[in-house]
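Survey of secondary and tertiary structure
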Amino acid sequence: MPSVEEEKLLKGTNLEWPDIVVIVLYFVIILGFGIWSSTRNRGSVGGYFLAGRNMHWMLVGGSLFASNIGSGHFVGLAGSGAASGIGIAVFELNAIFILLLLGWIFVPVYIAAGVFTMPEYLRKRFGGQRIRVYLAILALLLYIFTKISADLYAGAVFIQQSLQFNLYVAIVILLAISAIFTITGGLTAVIWTDFIQTIIMIIGAFVLMILGFVEVGGFQQLALKYFESAPTTSLNSTTACGLANPDAFHLFRDVNSPDLPWTGVIFGLTVSGVWYWCSDQVIVQRALAAKNLSHAKGGTILAGYLKFLPLFLLVFPGMMARILFPDTVGCSDPESCKKYCGKERGCSDIAYPMLVLKLMPVGARGMMLACMMAALMSSLTSIFNSGSTIFTIDVWKRMRKNASDVELMIVGRVFVLVLVGVGIAWIPVVQSGSELFHYIQAVTSYLAPPICAVYVLAVLWKRINEQGAFWGLMIGLVTGMIRFGWEFSYTVPPCGQEHLDTRPSIIKDVHYLHFGIILFFVVAISTTIISLVTKEIPDDRLVRLTFWTRHETRERLDISDIEDEEAEKKNLERNEVDSYGSSKTATPAASVDNVAGSQGHLVVEEQNTGTETNCCKRAFFWICGIERMRDQSEPQVLPDDHTSIKEQPRWKTFTDINAIILMVLAIFMWGFFY
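Before going into details, it helps to say that this report is about the structure given with it. (Residues numbered from 1 in each chain as written. Predicted model: local features only at pLDDT ≥ 70, side-chain atom pairs only at ≥ 80, totals over all residues. Heavy atoms only, no water.)

**Structural notes on the overall build of the chain**
Formally: Each helix is a run of DSSP H or I of at least 4 residues and each strand a run of E of at least 2, with the numbering of both proceeding from the N terminus. Residue contacts are counted whenever heavy atoms from the two residues lie within 4.5 Å of one another. Note that accessible areas follow from Shrake-Rupley with a 1.4 Å probe, and for residues the cover is restricted to the protein chains shown.
Scanning the chain from terminus to terminus reveals 30 helices and zero strands. Nonlocal contacts in the chain, meaning residues at least 24 apart in sequence, comprise 84% of its contacts between residues at least 6 apart. When the accessible surface of the chain is summed, it comes to about 27600 Å², and 64% of that surface belongs to carbon and sulfur atoms.

As C-alpha cells, this is what we get:
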C-alpha cells in the first residue's frame, strides 16, 4: 500500500477552471495560427505536402524535434526512466549522430534527385513500381504499429489520469482535433505549429524538472534515493521484483542485459536510427521542406542540440516519479498494478502524468496538459500528413495515373481518416505491453532494418539494382514478420512469475536490438549478391541519385521515364489492335482526351466554382484546399533552385563547425554517463 506521504501526494486535486482556461486558449491560438500560416501553400500538391520548400532552418529543426518528441516520449521515456534508469536516453544521444548523417549524406542526394517522398526516390533510383509501392505500404504499417497507436495510447494515458475520461473518449477527442488540423492545413501548418509547440513543450517540461529536483533534493539525492525507491510489496518479498536496476545511471550495460545491451545500443540502435531519421517520410519530409541544403543542415543541427534535452526533461523526471510514488509508479505486484493503472506488468507509464498532476500548481497543470496535447498533436499531425503524402503519391497515383490534382488533394485528406481508424484498432495490443518505448523500438527492429539496408546501399553504391533491392526487401520482410508474429503470439508473464514463461529461447534470449543487427546484414548481403549476379544499371541513369554522383550536371535519363514510355507504347498498340478499323479515325481525338486527362489538371472547372456554387460546396472546396487552385497544365516538377545542393562558403563552414561541436558534446555525454 502507498505510504502516508505518497497518499497525500496522490490525493492532489483535479483540474480547476484556470487549468481549463489555459487549455482552451492554447487550442484556439494554435489552431488559428496554424490554419492562417497554411493559406499561402495549401492550394497545390507541392504546397500541401512540402510547404512550398521554403522553410527556415529554425522551423525545420523545431519541427524535426517536435515530430519526434510526441506524447509517446513523454510517457515512454519517463516510464522507462522510472523502470530502469537513464539507459533509455541512448536512443536520444544516438539520434544526434544520425541527424548529422541525414543532413550531410542523405538529404543532398534527395534534394539533387528532386523527389517528394522516400519511395519516390527508390522509384527513380531503381525503376519499377513494386519497390515503391511495397515501401509505401510498409511505411504506413509502421506508422500504425509504432507511431499512431502508441502516441494515441500515451496521450490518452495522460488525459485519463488528469480528466478521468474513458480511454477511448479521450482518444476520439484528440484524434478529431489533430485530423481536422492536418486535413485543412497541410505541411506548412504542421511545421509552423510544430515550432511553436516545441517551445511550449520545452518550457513546460523544464519547469516540471525544476519542481521535481526541488522535491527530491537535487541530483545527488536523486542518485541516492532512486536505489531506495522500492515498493512495499518488494520489501516484503523474497524476489528482486520492483527493486531498482543496479545499472540505473549507466548508458552502457552488459551484453546479456535484457534491458539495453551495449552491443545492441551501438550497432542495432544505429540501424533503426538510420531508418527513422534518414529514410522515414515523417522526418525527411521536414528536411526537404527547407529553403536549401544549408537550411536543411542547420535544421538537423538544431534538432541535434535539442536531443540533449530529453534526458533532463523526461528521463530524470521519470526517475523522480518513482522516488515520490514507489508503490504506484514502481509497483511490481500484478494485483496492485492492476488496481493503480489497469495493467498487470507495471505502472511506469503513468510516471510523468502523476508528476504533473501532483507537483504542478493550479494553472500550471493546465499548461502542462496543453504541453502534452501539443506533443501528441505535433506527432499525430506529422504522421497524418506524411502518411497521406505517401498513400496519395506512391499508391493512389499508381492506381489512378490520370488522377487530377483535386482528386489527389481529396484522397490525401480522406486517407487521414483511414489511418485514424486502424490506429485505434491496434491500441489494445499496445496497451497489453509493459514499457511503451521498448514496444515501439521492438516493432521497429523487426520491420525497419531491411529498409535501412536498401536505402544505405542505394545511396552509397551504384552497383545495387532493382532485382537485388526488391528480393532483399522480401527476404527481410519474411524474416522480420516471422519474428514479429512469433513474439507477439506469446504473453510475457509479470515479474516473479518467470516459471510461466513459455517463449522459446530464440525469442526470449535474442534481444530485439541484436535481431535488428542480424536482419540488417541478412538483407544487405542478399541484396548485394543478387545485384552482382543480375544486370547493372547504366551510369547515365544514376546521375544525382547517389552520394558520389550528387554534383553531376549532365542530364539524367530516368529509368521511370523509359519504363513509362514503354508501358504507354504497349497500351497504345493494344488499343489499336482492340479497336482496329473505325478507331483509327478516332485516335487523334482520343489522344487529346488522354492528354487532357493526364496533364490538364483543371482542378475545379469554372461552372463548378463560380457564383452558382452553393455554400456546402464552397466549404468542401476550402477544406480540401482547392478553392483557389488554377489550371496546372504542366506536371508537378520542382524548380531548378529547389534541386540545387550548392552552398555559400560561409554557411557551409558555419554548419560544418557546429556539426563538429555537436558531436564533441554528444561524445562527452556518452563518456560522462558511461
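**Description of the environment of Ala139**
Residue position: Ala139 is located in helix H8 (residues 130-163). For the pair Ala139 and Ser279, spaced 140 residues apart in the sequence, the C-alpha separation amounts to 9.9 Å.

**Observations regarding helix H6 (residues 90-113)**
Filter applied, for reference: Here, expected helix span is obtained from the residue count minus one, scaled by 1.5 Å. To get the bend at a given residue, fit one axis to the seven residues ending there, fit another to the seven starting there, and take the angle between those axes. A 1.4 Å probe rolled over the protein chains alone gives each residue an accessible area, and that area as a share of the maximum for its type sets the label: buried under 20%, exposed over 50%, partly exposed in between.
With 24 residues, H6 should reach 34 Å at 1.5 Å per residue; the first-to-last C-alpha distance of 33 Å fits that figure. When the local axis directions of H6 are compared, the greatest deviation, roughly 45°, occurs at Phe106, which is followed within four positions by the proline Pro108. In terms of burial, H6 is a largely internal element, 21 of the 24 residues being buried.

**Let's talk about the environment of Leu513**
Position of Leu513 relative to the elements: it lies in helix H25 (residues 512-532). The exposure class assigned to Leu513 is buried, which follows from its relative accessible area of 1%. A sequence separation of 71 residues divides Leu513 from Ala442, and the C-alpha atoms of the two residues are 7.4 Å apart. The residues contacting Leu513, other than those within four sequence positions of it, are Leu260, Gly264, Val265, Gly268, Leu269 and Ser445.

**With respect to the packing of helix H13 (residues 262-279) against helix H14 (residues 281-288)**
Cut-off, in case you're wondering: For helices, the fitted line uses only the C-alpha atoms of the stretch in contact; every axis is such a line through C-alpha atoms, and the angle between N-to-C directions lies from 0 to 180 degrees. For classification, angles of less than 35 degrees are called roughly parallel, those exceeding 145 degrees roughly antiparallel, those between 65 and 115 degrees roughly perpendicular, and all remaining angles oblique.
The geometry of H13 relative to H14 is characterised by a closest axis approach of 5 Å and an angle of 40° between their N-to-C directions. The orientation of H13 with respect to H14, classified from their angle, is oblique. Packed against H13, whose contacting residues are Tyr276, Trp277, Cys278 and Ser279, the element H14 presents Gln281, Ile283 and Val284 at the interface.

**What to know about the nonpolar core**
Our working definition: In these notes, a set of buried Ala, Val, Leu, Ile, Met, Phe, Trp, Tyr and Cys residues joined through side-chain atoms within 4.5 Å is what counts as a nonpolar core.
One finds Tyr121, Phe316 and Tyr352 to be the most contacted residues of the largest nonpolar core, which totals 178 residues. Take this core: its biggest share by element is 20 residues, from H8.

**A word on the side chain of Arg544**
We count it as follows: Nitrogen and oxygen atoms within 3.5 Å of one another constitute a polar contact, given that in protein one can donate a hydrogen and the other can accept it, and given that sequence-neighbouring residues count only through two side-chain atoms.
Relative to the helices and strands, Arg544 resides in the loop between H25 and helix H26 (559-578). A polar contact is formed between the side chain of Arg544 and the backbone oxygen of Glu552, at a distance of 3.0 Å. Ignoring anything within four residues of it in the chain, the contact list for Arg544 reads Val109, Ala112, Ala113, Thr549, Arg550, Glu552, Thr553, Arg554 and Arg556.

**Regarding the side chain of Thr655**
With respect to the helices, strands and loops of the structure, Thr655 is situated in helix H30 (residues 649-672). On the basis of relative accessible area, Thr655 is assigned to the buried category, the value being 3%. A distance of 2.9 Å separates the side chain of Thr655 from the backbone oxygen of Lys652, its partner in a polar contact. Sequence-distant contacts of Thr655, defined by excluding residues within four places in its chain, comprise Trp104, Ser294, Lys297, Gly298, Ile301 and Glu647.

**Examining the packing of helix H23 (residues 466-488) against H25**
This is how it is decided: Handedness of a helix crossing follows the sense of rotation of the near helix relative to the far helix, less than a right angle counterclockwise being left-handed and clockwise being right-handed. Here the nonpolar group is Ala, Val, Leu, Ile, Met, Phe, Trp, Tyr, Cys and Pro; Asp, Glu, Lys and Arg are the charged ones; every other residue, Gly included, is treated as polar.
For the pair H23 and H25, interaxial distance at closest approach is 8 Å and the crossing angle is 155°. In terms of orientation, H23 lies roughly antiparallel with respect to H25. Of the two elements, H23 crosses H25, and the hand of that crossing is right-handed. For the pair H23 and H25, contact is made by Gln467, Gly468, Ala469, Trp471, Gly472, Leu473, Ile475, Gly476, Thr479, Gly480 and Arg483 and by Tyr512, Phe515, Leu519, Val522, Val523, Ser526, Thr527, Ile530 and Ser531, respectively. Of the residues in the contact of H23 with H25, the class split is 10 nonpolar, nine polar and one charged.

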